[in-house]
Amino acid sequence: MKRLTTLTSTLVLAAGLSVTAIGMASAQSLPTLEKKDQYKVGFAQMESNNPWRIAETKSFKDTAETCNWDLITTDAAGSAAKQVSDVDSMIAQGIDVLFLPPREEKPLIAAVMRARSAGIPTFLVDRSVDKNVAKAGEHFVAFMGSDFIEQGRRAAEWTLENFKGDKGVIVELEGTTGSSPANDRKKGFDDVMAKHDNMTIVASQSGDFARDLGRQVMETLLQAHPDVNIVYAHNDEMAIGAIQALELAGRKPGEDVLIVSIDGTRDALQAIIDGKMGVTVESSPFFGPLACDVMQRYADGDKIEPWVQVKDRIFTKENAAQFIDEAY
Ligand code: AHR
């Protein structure tokens, strides 16, 4: 047990993630995991169209070497339906364990339930499913990831502290509709802003977490709201797209428009260094080592906390240069 605890700390530190346990749950009704030298592990990725997703998949592939996994990965290319059928295919191939980042909260419940029926312990990674329908400790073992509401709240609080004008005219670029980070990052940010009369969210529209769509949505919203002076994007890719749209329109992001975002990609840290972006709240994609650790603990019969929570840093002009070399 002591040896495993040491391993946990080492792996988690190596991943750049810090973790706290929130509550404990019984694993009685869940499929168990027998102890083996090697596991057949499934990682069903949702898409690979941005640096965050690519870094997350690489983290799992790198961990397959160190954790001695026989790893199967799939790419659902942005389709929740394909992600469900990818999981079906992994079940048919006899995986021992499933790691699943569900693209959207509701459609992926089917995959979680089918894996459980097939006797495969499932860990949700980085995104979650609708908690009213599928529950950690009952339908899947645990959710490993950040507090997305808190990320939105921190983005809002940083904005309130750093906005220099009298009245904030805010455009919000939302992530994928129906996904847990889009729902929660919106809630965290909007709830804080609702308490401040000088802050108005004049438009809130999905850019699907994608750079080019973020740029297109920003171009359109800029025509309707030329007085925008704050952009809150649910991820860095859309923030970079918004910066492109603002610059094309002759605006000066970082000077006349404050850009506030979430993730911590290399391009975002560079934009902070260049003075174009104000802040990005960290949301780390490096889940592989944590997945190895949690899976080993589960195989050892340990009770796994229903939410293995990842703690996030915040990147601003004070520290972006210090961390850019470890960014993705
Ligand atoms: O689920 C986490 C989010 O998904 C990241 O913030 C985003 O960049 C990714 O696509």
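For the structure, see preceding data.
Nothing here was measured: the structure is a model prediction, and the numbers come from that model. (Residues numbered from 1 in each chain as written. Predicted model: local features only at pLDDT ≥ 70, side-chain atom pairs only at ≥ 80, totals over all residues. Heavy atoms only, no water.)

Caption draft 1: Fine view of the packing of helix H3 (residues 80-92) against helix H4 (residues 109-117). For the pair H3 and H4, interaxial distance at closest approach is 9 Å and the crossing angle is 10 degrees. Between H3 and H4, the angle is such that the two are roughly parallel. Between H3, through Val-84, Val-87, Asp-88 and Ile-91, and H4, the contact on the second element is made entirely by Ala-111, Arg-114 and Ala-115. Taken together, the residues of the contact of H3 with H4 break down into 5 nonpolar, no polar and 2 charged. (Axes fitted to C-alpha atoms, helices over the stretch in contact; angles between N-to-C directions. Helix = DSSP H or I, 4+ residues; strand = E, 2+ residues; numbered from the N terminus. Parallel < 35°, antiparallel > 145°, perpendicular 65-115°, else oblique. Contact = heavy atoms within 4.5 Å. Nonpolar A, V, L, I, M, F, W, Y, C, P; charged D, E, K, R; others polar.)

Caption draft 2: Looking closely at unusual backbone geometry. Backbone geometry places Ala-77, a non-glycine residue, at a positive phi of 50 degrees. If you trace the backbone, Ala-77 turns up in the loop between strand S3 (69-75) and H3. Positive phi outside glycine occurs at Asp-263, with the angle close to 140 degrees. Mapped onto the secondary structure, Asp-263 falls in strand S10 (residues 258-263).

Caption draft 3: Structural view of the site of the ligand. Taken together, Asn-50, Trp-52, Arg-53, Asp-126, Arg-127, Pro-181, Arg-185, Asn-235 and Asp-263 make up the full set of residues adjacent to the ligand. Within the side chain of Arg-53, one N or O atom sits 2.7 Å away from an oxygen atom of the ligand. Taking 280 Å² as the accessible area of the ligand by itself, protein coverage stands at 100%. Counting only elements with at least two residues in the shell around the ligand, the list comes to helix H2 (51-66) and helix H6 (180-193). Among the residues forming the shell around the ligand, the class breakdown is 2 nonpolar, 2 polar and 5 charged. (Near = heavy atom within 4 Å. Polar contact = N/O pair within 3.5 Å; in protein donor to acceptor, adjacent residues only side chain to side chain. Areas by Shrake-Rupley, 256 points an atom, 1.4 Å probe, with all protein chains shown as cover.)

Caption draft 4: Fine view of helix H7 (residues 211-224). Given a rise of 1.5 Å per residue, 14 residues ought to cover 20 Å, and the 20 Å separating the end C-alpha atoms of H7 matches this to within 8%. Those residues of H7 not exposed but buried are Gly-214, Val-217, Met-218, Leu-221 and Leu-222. The buried residues of H7 occupy one face: seen down the axis, they fall within an arc of 140 degrees. Within H7, the exposed residues directed more than 90 degrees away from the buried face are Thr-220 and Gln-223. (Expected span 1.5 Å × (residues − 1). Buried < 20%, exposed > 50% of the residue type's maximum accessible area, 1.4 Å probe, protein only. Arc of directions from axis to C-beta.)

Caption draft 5: Representation of helix H8 (residues 236-248) within the structure. For H8, built from 13 residues, the straight-helix expectation of 18 Å at 1.5 Å per residue is met to within 8% by its first-to-last C-alpha distance of 18 Å. With 10 of its 13 residues buried, H8 lies for the most part within the structure. Residues Asp-236, Glu-237, Met-238, Ala-239, Ile-240, Gly-241, Ala-242, Ile-243, Ala-245 and Leu-246 constitute the buried set of H8.

Caption draft 6: View of the sheet that holds strand S11 (residues 279-282). Reading across the sheet, the 6 strands line up as S8-S7-S9-S10-S11-S13 and stay open at both edges, with mixed pairing between neighbours. The open sheet has two edge strands with one neighbour each: strand S8 (199-206) and strand S13 (314-315). Where strand S7 (residues 168-174) and strand S9 (residues 230-233) come together, 4 bridges link them in parallel fashion. In the sheet register, Leu-173 faces S9, and the bridge partner there is Ala-233. (Pairing = 2+ DSSP bridges.)

Caption draft 7: Representation of the pattern of salt bridges. Per the counting criterion, the structure on display carries 27 salt bridges. The partner of Asp-208 in a salt bridge is Arg-103, and the shortest N-O contact between them spans 3.2 Å. One end of the pair, Asp-208, is in the loop between S8 and H7; the other, Arg-103, is in the loop between strand S4 (97-100) and H4, with 105 residues separating them in the sequence. Judged by relative accessible area, Arg-103 falls into the buried class, the value being 7%. Glu-247 is the salt-bridge partner of Lys-276, the closest N and O atoms lying 2.9 Å from each other. Of this pair, Lys-276 sits in the loop between helix H9 (266-273) and S11 while Glu-247 sits in helix H8; the two residues are 29 residues apart in sequence, bridging distant segments of the chain. Lys-276 sits in the partly exposed class, given a relative accessible area of 29%. (Salt bridge = Lys/Arg side-chain N within 4 Å of Asp/Glu carboxyl O.)

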